[in-house]
Amino acid sequence: MAGQQLAALIPNPNPNTPKALYDLSLQALIGSMNTKIPALDRINRLAELPRNLLIDVYEMMSQQESLKDTLLEELAQLEVFARLVRYPAARSQLLHIMASLMASKKMLAKRLSENYVSRYEVAGQEEEELEPESESVDSHKETNKDTPEDRTTDLSKMYIYDGEASEADSGTSDLCSEFSGDILSILGLPQKKDTTVEPTVINDSDLEELPAVEMQAIDLGLRLGSFLSEAGWMQESISVLACLNGRLKDLPTHKHWLELRLDCLQRLLYAEAAHCNFKLAQRTYEELIGLNKWLNSRVPTQLVAIAYTQISAMYFARNEYNYSHMWSGLAMRFLRGSANPRITIDVLRQAAKACVVKRDFARANLLICQAVRRAREHFGPKHQKYGDALLDYGFFLLNVDSVFQSVNVYKEALAVRRGIFGNMNFHVAIAHEDLSYAYYVHEYSTGDFSCAQDHVDKAVNIMKRLVPSNHLMLASAKRVKALLLEEIALDKMADGMDEEDLLLQSEELHNFALLLSLQVFGEVNVQTAKHYGNLGRLYQTMNRFEEAERMHQKAIKIKTDLLGAFDYEVGLSIGHLASLYNYQMKKYRDAEQLYLRSIDISLRLFGHSYSGLEYDYLGLCHVYEALHDFEKYLKYAHKLENWQMLRGQNLTQNKSSYPAIEVDYSIEEVKSKFFSMCVCKNTPNRSELVESTTSSN
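Residues numbered from 1 in each chain as written. Predicted model: local features only at pLDDT ≥ 70, side-chain atom pairs only at ≥ 80, totals over all residues. Heavy atoms only, no water.

This part takes up the overall build of the protein. Secondary structure assignment for the protein yields 35 helices and 0 strands. In the protein, which comprises 697 residues, the proportion classed as buried is 54%. Of the contacts made within the protein by residues no fewer than 6 positions apart, 73% connect residues no fewer than 24 positions apart. Total accessible area on the protein is roughly 31,300 Å²; 52% of this is exposed by carbon and sulfur atoms. (Helix = DSSP H or I, 4+ residues; strand = E, 2+ residues; numbered from the N terminus. Buried < 20%, exposed > 50% of the residue type's maximum accessible area, 1.4 Å probe, protein only. Contact = heavy atoms within 4.5 Å. Areas by Shrake-Rupley, 256 points an atom, 1.4 Å probe, with all protein chains shown as cover.)

Here is the structure:
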């Protein structure tokens, strides 16, 4: 009653304001739309409206189920869509409209893709069939013959454009050895162009402009392809950009040919790698590398930066982290303060992710904090770029053991993506999976996996509707689901319940993910090693100890060969094998050595409050109790007490080893700090660890 009385005292909004009258006009227009001839005539003439009015009309139509078929026919016209996709102010509304139509199974993305390809495909291009929609087991049985070693051989023969030293590295003269000097020397690459293959004409002033009609077709292809991938419809984006790439290759050499080819290929590589279509991505990558010999100072540095960023992203998706890190460093060298904000944010994000997997956390923190800040300030808190940056920030936080903060950041990222794309979308499924895994890590000690299970089920259900059953992205979501099923089964078994069915389901999901990883990536790959490790843990739960031991040993060997002996992933697998030896196989001396190695790695990377140390200290206490070595038992019991106190203090005070960087640096300052940092400065050596461990006691 009091609320009603208060509401009565508040005057109604003025119905005669321009905004209110504008909304009434829109509603009247939408309300007049039906199948009668006058209404159809009005609908046919909608495209004549100014773009700022047209996008509002279409957005309101997208909210009326009865008008969605009509809206689909309108927007499927390339001329109509071209007007809107070239209007930056309409971007967010256009994404909402696309999401609304696709959720109602009005396949606008497919219609636009097909219309562009049918209109602009060059003669004979249709004979070059695209690969199947996704990476699958079948598509790799004959094609995945290039091993990482093969790719390294190819890489060692190519030319990488590194710009003029004075231009590319301005403000970054004091470089860490990882990036100092000529970047080509890092890989032993050729340091000069092969002048025998110089183009016959390289001076733009000697080349002709393309006809305006051709430039419009190219511009539409670039914009449409990027819009479709941004909206989460990767296969349709690939079709458009592959068509455009074929068209560009068919054209005679013209002004800006290099920039246009480079721009098209980097957008195409992004879509292919994001969709895990690695065979097509490899082909696009090779075309990109082929253009390197033509690059010169007239090519915009931001275009080179984003192209190298997409190469880094491809290697990241293939779990080839050394190359991903190297290419992201190259991209950073070409980044300028004048770059487009989208490009700046994407370069920073990818470089941060590459640093995370190389355990270069100080650099990663610098880069991702700057990316998040720029995305929020330039685009706002509801924009896709902000959601993308948040997702990568959550990835960073999870990897530096700030799990609670990671969960909160992932939740915000999911909310942003759902607000833009709705529920049934590729990008939303990825956000659900990432949040599910963060919840899984966060609740590992409590055993309450309800939130994690809810989000992974949503991720799996979305992916099932969008991709084939043997797609890598679906397998990834199923892997998280398998981990959860195993933990849920363990909890129920602890309560005296027989949950063998859950364990068998988990085994089936893990084996499927492993098989697909073997077919796509091969045996010697971090992702394959992770699947071996997951099966090892599962077999340990299922009392299949010899099989578990083999799986853990495989995981350790592959990870050590690829990442080095002191990587986090190696420590994780060593800890799992130690647990098997300790609690099930009674190999206490072997377990002891493995626990000590795991602790050493954890201290190197994360310090004395790292959450994973709890399991190693508990394991060693159990080992020394079984061996009746009570002196060492008391030593590690004391370490465990100290860990609990330190951990409690950090949680209470919300401390983090890598607190958010609040300072808004310029790009030049970011680059200077980035290149002056060294991993070696952030990682203590063994003597320092021994000293610090001794002093802490």
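Read on for the rest.
Under the defined criterion, the tally for this structure stands at 37 salt bridges. Residue Asp346 is joined to Lys385 by a salt bridge in which the shortest nitrogen-to-oxygen separation is 3.0 Å. Taken together, the positions of Asp346 in helix H19 (residues 341–357) and Lys385 in helix H21 (residues 384–399) put the pair 39 residues apart, joining distant regions of the chain. One continuous salt-bridge network, built from bridges that share partners, spans Asp346, Arg349, Lys353, Lys385, Asp388, Asp392 and Arg417. (Salt bridge = Lys/Arg side-chain N within 4 Å of Asp/Glu carboxyl O.)

Helix-helix packing is described using two parameters, namely the angle between the two axes and the distance between the axes. Running from amino to carboxyl end, helix H18 (residues 321–334) crosses H19 at an angle of 145°, the nearest separation of the two axes being 9 Å. For the pair H18 and H19, the sense of crossing is left-handed. The segment H18 lies against H19, with Tyr321, Ser324, His325, Ser328, Ala331 and Met332 engaging Val347, Leu348, Gln350, Ala351, Ala354, Cys355 and Val357. Of the residues in the contact of H18 with H19, the class split is 9 nonpolar, 4 polar and no charged. (Axes fitted to C-alpha atoms, helices over the stretch in contact; angles between N-to-C directions. Left-handed = near helix turned anticlockwise from the far one by under 90°. Nonpolar A, V, L, I, M, F, W, Y, C, P; charged D, E, K, R; others polar.)

A few words now on helix H27 (residues 526–541). With 16 residues, H27 should cover 22 Å at 1.5 Å per step; its first-to-last C-alpha distance of 23 Å lies within 8% of that length. Most of H27 is tucked away, with 15 of its 16 residues classed as buried. For H27, the side-chain oxygen to backbone nitrogen distance between the N-cap and Gln527 is 2.8 Å, and the N-cap itself is Asn525. Asn543 sits one or two positions beyond H27 and adopts a positive phi of about 65°. (Expected span 1.5 Å × (residues − 1). Polar contact = N/O pair within 3.5 Å; in protein donor to acceptor, adjacent residues only side chain to side chain.)

What follows concerns the state of the cysteines. Throughout the structure, instances matching the rule amount to 0 disulfides. With no disulfide of its own, Cys243 lies closest to Cys264 among cysteine sulfurs, the gap being 9.2 Å. By relative accessible area, which is 2% here, Cys243 ends up buried. (Disulfide = S-S within 2.5 Å.)

Right, let's get into the nonpolar core. Residues Tyr58, Leu75, Met98, Trp327, Met332 and Phe396 are the most contacted members of the largest nonpolar core, which totals 211 residues. With 12 residues, the single largest contributor to this core is helix H25 (residues 472–494). Ignoring any residue separated from it by four or fewer positions in sequence, one finds Met98 in contact with Leu108, Ala109, Leu112, Phe227, Leu228, Ala231 and Trp233. (Core = buried A, V, L, I, M, F, W, Y, C linked by side-chain atoms within 4.5 Å.)

This part covers unusual backbone geometry. Phi at Cys276 takes a positive value of approximately 60°, unusual for a residue other than glycine. Within the fold, Cys276 resides in the loop between helix H15 (257–274) and helix H16 (278–291). Look at Cys276 and you get buried, because its relative accessible area is 8%. Backbone geometry places Asn543, a non-glycine residue, at a positive phi of 65°. Mapped onto the elements, Asn543 comes out in the loop between H27 and helix H28 (545–563).

So, on to the packing of H19 against H21. For the pair H19 and H21, the least separation of the axes is 10 Å and the interaxial angle reads 15°. When the interaxial angle is binned, H19 and H21 end up roughly parallel. For the element pair H19 and H21, the recorded crossing hand is left-handed. Residues Arg342, Ile345, Asp346, Arg349, Lys353, Val356 and Val357 of H19 lie in contact with H21, whose contacting residues are Lys385, Asp388, Ala389, Asp392, Phe395, Phe396 and Asn399. Residues of the contact of H19 with H21, tallied by class, amount to 6 nonpolar, 1 polar and 7 charged. (Parallel < 35°, antiparallel > 145°, perpendicular 65-115°, else oblique.)

This paragraph deals with the packing of aromatic side chains. Counted by the stated rule, this structure contains 21 aromatic pairs. Here the aromatic rings of Phe396 and Tyr658 are separated by 6.2 Å at their centres, their planes lie at 75°, and the arrangement is edge-to-face. Taken together, the positions of Phe396 in helix H21 and Tyr658 in the loop between helix H32 (630–652) and helix H33 (667–676) put the pair 262 residues apart, joining distant regions of the chain. Note on Phe606 and Tyr610: the rings are 4.4 Å apart at their centroids and 20° apart in plane angle, and the pair reads as stacked. Take Phe606 and Tyr610: they sit in the same class, and that class is buried. (Phe/Tyr/Trp six-rings, centres within 6.5 Å; stacked < 30°, edge-to-face > 60°.)

This part is about the environment of Ile556. With respect to the secondary-structure elements, Ile556 resides in helix H28. With 16 residues separating them in the primary sequence, Ile556 and Leu572 have C-alpha atoms 8.8 Å apart. Excluding anything up to four places from it in sequence, Ile556 contacts Ser573, Ile574 and Leu577.

Within the secondary structure, Asp388 is located in helix H21. In contact with Asp388, other than residues within four places in its own chain, are Arg349 and Arg417.

This part takes up the confidence of the model for the protein. Mean pLDDT over the protein stands at 84; residues scoring 70 or higher make up 81%. For residues 680–697, every residue scores under 50 in pLDDT, and the model assigns this stretch 21 contacts once sequence neighbours within four places are set aside. (pLDDT = per-residue confidence, 0-100.)

This paragraph deals with the environment of Glu230. Tracing the backbone shows Glu230 in helix H13 (residues 212–230). For the pair Glu230 and Gln384, spaced 154 residues apart in sequence, the C-alpha separation works out to 8.4 Å.

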